[in-house]
Amino acid sequence: MSEQTGGIDNVMQETRLFPPSEEFASAASIGSLEAYQQLYDQAKADPVAFWGELGQQELHWFEPFNEILQWDEPYAKWFVGGKTNVSYNCLDAHLDTERRDKLAIIWEGEPGDKRTLTYAQLHSEVCRFANALKSVGVGEGDVVSVYMPMVPELAIAMLACARIGAIHSVIFGGFSAESIADRNNDASAKVVLTADGGWRRGKVLELKKTVDEALEKSPTVESVIVLKRTENAVEMVEGRDYWWHDLLDNVDDDCPAKPLDSEAPLFILYTSGSTGKPKGIKHTTAGYNLYAKKTFEWVFDHRDDDIYWCTADCGWITGHSYIVYGPLSAGATALMYEGAPNFPEEDRFWDLVEKHQVTILYTAPTAIRAFIKWGDHHVEKHDLSSLRLLGTVGEGINPEAWIWYHEKIGSERCPIVDTWWQTETGGIMMSPLPGAIATKPGSCTKPLPGIIPAIVDESGAPVGQNQGGWLVMTHPWPGMLRGIWGDDERFKDQYWSAVPGNYLAGDNARCDEDGYYWIMGRIDDVINVSGHRLSTIEVESALVSHPSVAEAAAVGRKDDLKGQAIAVFVTVVGAEPTEELKQELKQHVRNEIGALAQPDDVRFTNALPKTRSGKIMRRLLKDIAEGTESVGDTSTLEDYSVLAQLRAQDE
Ligand code: WT7
């Protein structure tokens, strides 16, 4: 039952504990709770000195920094006065080592074509493309929009921008012309990089065509560089559009990395948040680079013989930090895959793991729930014994999905790192270190060294153990966002005004008796039933623990009596969506959590509305549950037909 707390009620009862195996821990670089604790305590005693020392060791400095942190809340400058280059740290830094001929990228296209690039080869490709960018007039401080399929050239383009001090703004290949134009205009993009197309579920996504449409409304864009990928016909505008390969014909393969100020902007990445116009999250050079590198090494316990696969797209922060910048700075071998997880069959991921002998797999809960729905036989066809570590990111993982991942994919052998972070944080903030911290399904466990979170109530006062409240960060960290592009007011208002002196993450969380953090969902999504404040993830996890439920979303809708009533949207697996099942699910939640969490409405649906990055859009569901039209931003919605279907059920 619920504990009445005054904050968010904690109703989740998850007591299973999974310590790392002796074998895993003994080989890990941080192999015991004591080792983690020691590092954590040392960092906490003087976070600035801790990061200063790492900054010194881990990055190449053309010119040394003279101050570790200048903190003029909410404006941070890390490694002040120093000059470095992210592309140098990812590439050149390895060239005089034995990693020179190590594979940096193993790539597989959706049709099954393959390419590999060693560090030396990637370096030379990046230099050449950096020169190509220069040849169309791109220089330091210019913004380059990147709207490309998941091919090696996408990573090459990002690194080439970083090499010359241009600022990339990667736009996920599923976004519309309108969204591209908005982003081009907000950032005053000078150049757009795209391709004739990309492969998705056996079909060509016509990227260039979408860019052409966007450019009708993007007055700042002067040139477009087009990669040939799918060989479909595209229109080329004379004087504006260039073929990627043509530009490469005339360039040198030497392009020294430009020494850049520590705080030179590295990229802008637009995130919609859940309402309003997309905001351009700004990340800069040295602090971001250090943070991506160290968190990659800590969380994935990286070893030189790992084949690491992060299934995200480079259009998201996960792709920036954990496909490109973190792994490459650390000298890892990263697998990159272009296409859909269910093409040609629902076993494509497991086929890739087996074929490439992947040792570390990092994916999203939404994907895991899809795999569960598609059936275990797709997994069982493949030998997954190369895997040693699993990770998740993007949403909370329902404990039942966690257990499935642990048993079916990890054969109960691989630790799971549930990583909590945000586009704004630049890198992972809370996660198990897999050799050191025993996991609990559904908890992101503990903060990384140098990260000092707190959970507070609306007055900013810390809440007690197991009480839900706002998750804040009490100290600056090197990977933190440096602002919202062109919108200082929004930056201050959204992250720094609610709890003075602290970064407001926008999530609710609680911390248990072992110091483990449990994310309870977005602050805006809290459901208030008769004064009990419930978190969405807890109701959803109770539903997902029912054998007939594949996925669930819980929202609060207005209720005259209770303030809010709980409405849930459910996709079923292996069962008929009957009235009996509705009653059974209501009773199931009641049994799992208690009477106050019993849903008033249960609606069945074939799919839930999600952002393109796979997050459930509860805000839209709330509107549907209340029967009001949605007025918020739907530009990130993956599939509009889902909304239409859900609305149709109202009739
Ligand atoms: C929001 C950030 C982090 C890169 C991808 C998403 C939710 C993320 C977890 C997790 C519970 C999580 C939070 C967060 N979230 N990871 N492990 N457990 N919730 O980045 O699009 O900026 O979203 O995603 O609500 O605030 P993003």
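Parameters at a glance
Residues numbered from 1 in each chain as written. Predicted model: local features only at pLDDT ≥ 70, side-chain atom pairs only at ≥ 80, totals over all residues. Heavy atoms only, no water. Helix = DSSP H or I, 4+ residues; strand = E, 2+ residues; numbered from the N terminus. Rg over C-alpha atoms; globule rule 2.2 N^0.38 Å. Buried < 20%, exposed > 50% of the residue type's maximum accessible area, 1.4 Å probe, protein only. Contact = heavy atoms within 4.5 Å. Areas by Shrake-Rupley, 256 points an atom, 1.4 Å probe, with all protein chains shown as cover. Lys, Arg positive; Asp, Glu negative; His and termini not counted. Charge placed at Lys NZ, Arg CZ, Asp CG, Glu CD. Near = heavy atom within 4 Å. Polar contact = N/O pair within 3.5 Å; in protein donor to acceptor, adjacent residues only side chain to side chain. pLDDT = per-residue confidence, 0-100. Pairing = 2+ DSSP bridges. Axes fitted to C-alpha atoms, helices over the stretch in contact; angles between N-to-C directions. Parallel < 35°, antiparallel > 145°, perpendicular 65-115°, else oblique. Left-handed = near helix turned anticlockwise from the far one by under 90°. Nonpolar A, V, L, I, M, F, W, Y, C, P; charged D, E, K, R; others polar. Disulfide = S-S within 2.5 Å. Phe/Tyr/Trp six-rings, centres within 6.5 Å; stacked < 30°, edge-to-face > 60°. Lys NZ or Arg CZ within 6 Å of the ring centre and 35° of its normal.

A separate point is the overall build of the chain. Along its length, the chain carries 20 helices and 30 strands. By the compact-globule yardstick of 26 Å for 651 residues, the chain fits well, its C-alpha radius of gyration being 24 Å. Overall, the chain is about 70 × 55 × 50 Å in size when its C-alpha atoms are taken along their principal axes. Burial statistics for the chain: of 651 residues in total, 63% are counted as buried. A separation of at least 24 residues holds for 71% of the contacts in the chain among residues at least 6 apart in sequence. Only carbon and sulfur atoms are counted for the fraction: they give 47% of the accessible area of the chain, which is about 23,700 Å². Here the chain contributes 60 positive and 98 negative side-chain charges, whose respective centroids are spaced 2 Å apart.

Let us look at the site of the ligand. Around the ligand, the structure places 17 residues, and the nearest of them are Asp418, Thr419, Thr423, Asp507 and Arg522. In the model, a nitrogen atom of the ligand is placed 3.4 Å from a nitrogen or oxygen of the glutamate 395 main chain. One nitrogen or oxygen atom from the side chain of threonine 423 is found 2.6 Å from an oxygen atom belonging to the ligand. For the ligand, whose free accessible area comes to 550 Å², the fraction covered by protein is 88%. Of all the secondary-structure elements, those providing two or more residues to the shell around the ligand are helix 11 (317–329), strand 20 (416–419) and strand 25 (517–522).

Moving on to the confidence of the model for the chain. For the chain, mean pLDDT is 94; residues scoring 70 or higher make up 94% of the total. Between the elements of the chain, mean pLDDT differs from a low of 64, seen in helix 20 (residues 640–648), to a high of 99, seen in helix 10 (residues 286–299). Long-range and interchain partners of residues 1–6, a stretch whose pLDDT sits below 50, account for 17 contacts in this model, where long-range means more than four residues apart.

Moving on, we get to the side chain of histidine 382. As for its position among the elements, histidine 382 is in the loop between helix 14 (377–380) and strand 19 (389–393). Note on histidine 382: relative accessible area 15%, which makes it buried. Side chain to side chain, histidine 382 and aspartate 347 meet in a polar contact 2.7 Å long.

Before going further, it helps to spend a moment on the pairing of strand 25. Within strand 25, five of the six residues are buried, which leaves it mostly tucked inside the rest of the structure. Two strands pair when backbone bridges link them, and strand 24 (residues 503–511) and strand 25 are joined in this way by five bridges, in the antiparallel orientation. Its bridge partner being in strand 25, alanine 509 is matched across the sheet by isoleucine 519. Between the antiparallel neighbours strand 24 and strand 25 lie five residues, among them glycine 515 with a positive phi of about 75 degrees.

This brings us to the packing of helix 4 (residues 86–95) against helix 11. Axis separation between helix 4 and helix 11 bottoms out at 8 Å; the angle between their running directions is 50 degrees. One element, helix 4, and the other, helix 11, form an angle in the oblique class. Crossing geometry of helix 4 relative to helix 11 is assigned as left-handed. On the side of helix 4, the interface is formed by Val86, Asn89, Cys90 and His94, while helix 11 contributes Tyr325, Leu328 and Ser329. Looking at the contact of helix 4 with helix 11, its residues break down into four nonpolar, three polar and no charged.

Below, the discussion takes up the state of the cysteines. Tallied over the entire structure, the rule returns zero disulfides. Unpaired in terms of disulfides, cysteine 314 finds its nearest cysteine sulfur in cysteine 310, a separation of 8.2 Å. Cysteine 314 gets classed as buried once you look at its relative accessible area, which sits at 0%. Cysteine 414 forms no disulfide, and the closest cysteine sulfur to it belongs to cysteine 310, at a distance of 17 Å. In this structure cysteine 414 comes out as buried when scored by relative accessible area, which is 2%.

It is worth spelling out the pairing of strand 8 (residues 191–195) at this point. Judged by how many residues are buried, strand 8 sits mostly within the fold: five of five residues are covered. What you see with strand 8 is no split at all: Val191, Leu193 and Ala195 on one side and Val192 and Thr194 on the other are buried throughout. Relative to strand 8, strand 6 (residues 143–147) is paired through four bridges, and the arrangement is parallel. Along strand 8, the bridge assignment pairs serine 145 with valine 192. Both strand 8 and strand 11 (residues 223–227) contribute to a ladder of five bridges, which runs parallel. Each bridged residue has a counterpart across the sheet, and for valine 191 the counterpart in strand 11 is serine 223.

Quick look at the packing of aromatic side chains now. Using the criterion set out here, one finds 38 aromatic pairs in the structure. Note on tyrosine 322 and tyrosine 362: the rings are 6.1 Å apart at their centroids and 80 degrees apart in plane angle, and the pair reads as edge-to-face. Of the two residues, tyrosine 322 is situated in helix 11 and tyrosine 362 in strand 18 (residues 360–363); the sequence distance between them amounts to 40 residues. An aromatic cluster is built from Trp71, Tyr75, Trp477, Phe491, Tyr495, Trp496 and Tyr503, whose rings are joined through pairwise contacts. Its guanidinium or amino end placed over the ring of tryptophan 243, lysine 228 lies 4.5 Å from that ring's centre, counting from NZ or CZ. Here the guanidinium or amino end of lysine 440 rests over the ring plane of tyrosine 516, the centre of that ring lying 4.4 Å away.

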